[in-house]
Amino acid sequence: MNAVAAESNTEISTDGYGDYDFIVVSNRLPVDRVSDGGGDSWRRSPGGLVTALAPVMAKADGAWVGWHGAPDETLEAFDHDNMHLRPVPLSASEVELYYEGFSNATLWPLYHDVIAPPEFHRTWWDSYRTVNRRFAEAAAEVAAEGATVWVQDYQLQLVPQLLRRARPDLKIGFFNHIPFPPLEIFAQLPWRKDIIAGLLGADLIGFQRPSDTANFLRCVRRFAGHSVRQQQVHVTGDDGASYVSRAEAFPISIDVNQITELAKREDVIERSKQIRRELGNPKTILLGVDRLDYTKGISHRLKAYGELLEDGRISVEDAALIQVASPSRERVEQYRLLREEVEGTVGRINGTYDTMSNTAIRYLHHSYPVEEMVALYLASDVMLVTALRDGMNLVAKEYVAARTENTGALVLSEFAGAADQLRQAVLVNPHDIDRLKDAIVTATEMPPREAQRRMRLMRRQVLQNDVERWSQTFLNALRLEGEQP
């Protein structure tokens, strides 16, 4: 056994109890470094998870364990915005092997229905185990006796079991933000039993959709051999002790108040009008907002839109598509090739259909602050979410929340988790280009009264189920685990 594997197989060490009653463990800390002339400082990262959990941190004397974003650098723990932050160091090699390798070139494509082929390398797996052990050790060090630990996402699937072995006093939750694949796909993973065992260290395992939960429990039956009754897994550990691990769907949501307040702000509303003017005030503006990722179906969307222009069902004089494709994993070859493909397609469509006054597709390879995103939501008549596979897709919910006048239409892939809640969207299979074209036309031509009816129902769903309710529902369920007679 090599040195890396030997390190990762060692039980994590603990030295008594820490001081914090609620601990979040995620790949990244909830802060970004800001460098200026006076030195480095930190600011809270944008995103729903941070927004949802910051109040819990403040009330529960909380700590957050994660990487601070700079390889080959070790930082001492520090406090920021009522949170105690415990940085976990990663070397440049570990970023390459654990993060870019096993997390994003093995697990990500495998969990997204092998839209791209996953790669299986033992050196990546060894690094994944080593890093998961380091995260588990850090969590064990800061956790008070009987603390609640909530582990986040696919990069840290071994942490629950490592924590349970070292600190059986802890209440452990895990949430999987991305899909969980069907058994027939998960079976390809050489380390499938290890991943299942790692997840089953949690008292409560959360997924985005009931179908993800069902996929996981099928894999538990096949590869772990534990008794499964309803959604409870009866686990017997190596020491003979038994406990129950529960799997359940907890669909994540957004910070509704932030989006709706921005949507009513005068400067944001004026910016949305400016966007329409800059595009020549077309009759219809369509919008796509995605990370530049092969799971998002951007190529399918562009193909459908190009064919609609070719067929004459949409004209460049009447309609414009804004495609925001924020940079993502640009060091990974699959993503570099995707960018070339998308930009080539945009160039061909614009070269064919643009006029001196009109642009078919306004392509923006940038990330934007939330204020600009809400202005884009307000400026757009139709939102296109055509993911080939997506855990949730919060952009769809943000668009709905921003439409405070109940206007606009949403074209939504049935393979996005949001389709379970936003049933009044124009649902579509993005692999079916002809039906996708029909869905886009249906959305652009939808009668105002019908569009308002649909949007009103979708907004009600989103407003009643925001990200704070998501976190509280999960944490309340976690507290109840093991307390039933």
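Remember, it's a predicted structure, so these values are computed and weren't measured experimentally.

### Regarding the sheet that holds strand β13 (residues 284-291)
Moving on, step 1. Reading across from one edge, β15-β14-β13-β16-β17-β18 is the order of the six strands in this open sheet, with parallel pairing throughout. Here the strands that pair on one side only, and so sit at the sheet edges, are β15 (361-364) and β18 (426-428). The average undirected angle you get between the axes of adjacent strands in this sheet is 15°.
Moving on, step 2. Against the sheet, helix α13 (residues 370-379) touches β13, β14 (319-326) and β16 (382-385), its axis set at about 145° to β13.

### So, empty space enclosed by the protein
It is the rolling of a water-molecule-sized probe over the atoms that shows where space remains empty.
Moving on, step 1. In the structure shown here, the tally under the stated rule is one cavity of 30 Å³ or more.
Moving on, step 2. The volume enclosed by the largest cavity comes to roughly 40 Å³.
Moving on, step 3. Among the residues making up the lining of the largest cavity, the classes are represented as eight nonpolar, two polar and one charged.

### Digging into the confidence of the model for the protein
Moving on, step 1. Per-residue confidence for the protein gives a mean pLDDT of 93; residues scoring 70 or more make up 96%.
Moving on, step 2. In the model, residues 1-9 has pLDDT below 50 throughout and makes 16 contacts with residues more than four positions away in sequence or in other chains.

### What about the side chain of R209?
Moving on, step 1. Here R209 shows up in the loop between β9 (204-207) and α8 (210-223).
Moving on, step 2. Here D420 takes part through its side chain, which lies 2.7 Å from a polar atom of the side chain of R209.
Moving on, step 3. Apart from the residues lying within four places of it in its own chain, the contact partners of R209 are A249, R389, G391, E414, F415, A416, G417, A419 and D420.

### Remarks on the packing of helix α3 (residues 92-111) against helix α4 (residues 122-142)
Moving on, step 1. The interhelical angle for the contact between α3 and α4, taken along N-to-C directions, is 110°, at an axis separation of 8 Å. As the angle between them shows, α3 and α4 are arranged roughly perpendicular. The segment α3 lies against α4, with E94, L97, Y98, G101, F102, S103, A105, T106 and L107 engaging T123, W124, W125, S127, Y128, T130, V131, N132, R134 and F135.
Moving on, step 2. Of the residues in the contact of α3 with α4, the class split is 10 nonpolar, seven polar and two charged.

### Quick word on the environment of V95
Moving on, step 1. In this fold, V95 is placed in helix α3.
Moving on, step 2. The class of V95 is buried, set by a relative accessible area of 9%.
Moving on, step 3. Sequence separation of V95 and A325 is 230 residues, and the distance between their C-alpha atoms is 24 Å.

### Structural notes on the pattern of salt bridges
Moving on, step 1. By the definition in use, this model includes 29 salt bridges.
Moving on, step 2. Close ionic contact of E141 with R86 constitutes a salt bridge, the shortest N to O distance being 2.7 Å. With a gap of 55 residues between them, E141 in helix α4 and R86 in strand β6 (residues 83-87) connect regions that are remote in the sequence.
Moving on, step 3. Residue classification places E141 among the partly exposed residues on the basis of a relative accessible area of 42%.
Moving on, step 4. Of the charged contacts in the structure, one is a salt bridge between R265 and D267, with a shortest N-O distance of 2.8 Å.
Moving on, step 5. Within this structure, K303, E307, D311 and K437 form a network of salt bridges that share partners.

### So, helix α11 (residues 298-311)
Moving on, step 1. When the terminal C-alpha atoms of α11 are compared, their 20 Å separation across 14 residues agrees well with the 20 Å that a helix rising 1.5 Å per residue should span.
Moving on, step 2. Taken together, the buried positions of α11 are I298, R301, L302, A304, Y305, G306, L308 and L309.
Moving on, step 3. The inward-facing, buried residues of α11 contact β13, β14, α12 (333-353), β15, β16 and α15 (433-444).
Moving on, step 4. Following α11 by one or two positions, G312 adopts a phi angle in the positive range, close to 80°.

### What about the packing of helix α7 (residues 192-199) against α8?
Moving on, step 1. Relative orientation of the contacting elements α7 and α8 amounts to 115°, with a least axis distance of 10 Å. In this structure, α7 crosses over α8, and the sense of that crossing is left-handed. Residues R192, K193, I196 and L199 of α7 form the contact with α8, whose participating residues are F216, C219, V220 and F223.
Moving on, step 2. Of the residues belonging to the contact of α7 with α8, the class tally is six nonpolar, no polar and two charged.

### Some remarks on the environment of E76
Moving on, step 1. Mapped onto the secondary structure, E76 falls in the loop between β4 (62-67) and β5 (78-80).
Moving on, step 2. In this structure, the C-alpha to C-alpha distance between E76 and V88, residues 12 residues apart in sequence, is 9.3 Å.

### A word on the sheet that holds β4
Moving on, step 1. Spatial strand order, β5-β6-β4-β1-β7-β8-β9-β12-β11-β10: 10 strands in an open sheet with mixed pairing. Two strands bound the open sheet, and with one partner strand each, they are β5 and β10 (227-229). On average, each strand axis in the sheet is tilted by 25° relative to the strand beside it, whichever way the strands run.
Moving on, step 2. In this sheet, β9 lies alongside strand β8 (residues 171-175) in parallel orientation, the contact comprising three bridges. Its bridge partner lying in β9, F175 is registered against G206.
Moving on, step 3. Where helix α5 (residues 159-166) meets the sheet, its contacts fall on β7 (143-152), β8 and β12 (242-249), and the angle it forms with β8 comes to roughly 175°.
Moving on, step 4. Contacts from α8 reach β9, β10, β11 (232-236) and β12, with the element oriented near 150° to β12.

About the cut-offs
- Residues numbered from 1 in each chain as written.
- Predicted model: local features only at pLDDT ≥ 70, side-chain atom pairs only at ≥ 80, totals over all residues.
- Heavy atoms only, no water.
- Pairing = 2+ DSSP bridges.
- Helix = DSSP H or I, 4+ residues; strand = E, 2+ residues; numbered from the N terminus.
- Axes fitted to C-alpha atoms, helices over the stretch in contact; angles between N-to-C directions.
- Contact = heavy atoms within 4.5 Å.
- 1 Å grid on protein atoms, 1.4 Å probe; cavity = no way out; pocket = protein on both sides within 12 Å on 5 of 7 lines; lining within 4 Å.
- Points joined across faces, edges and corners; volume = space filled by probe spheres on them.
- Nonpolar A, V, L, I, M, F, W, Y, C, P; charged D, E, K, R; others polar.
- pLDDT = per-residue confidence, 0-100.
- Polar contact = N/O pair within 3.5 Å; in protein donor to acceptor, adjacent residues only side chain to side chain.
- Parallel < 35°, antiparallel > 145°, perpendicular 65-115°, else oblique.
- Buried < 20%, exposed > 50% of the residue type's maximum accessible area, 1.4 Å probe, protein only.
- Salt bridge = Lys/Arg side-chain N within 4 Å of Asp/Glu carboxyl O.
- Expected span 1.5 Å × (residues − 1).
- Left-handed = near helix turned anticlockwise from the far one by under 90°.

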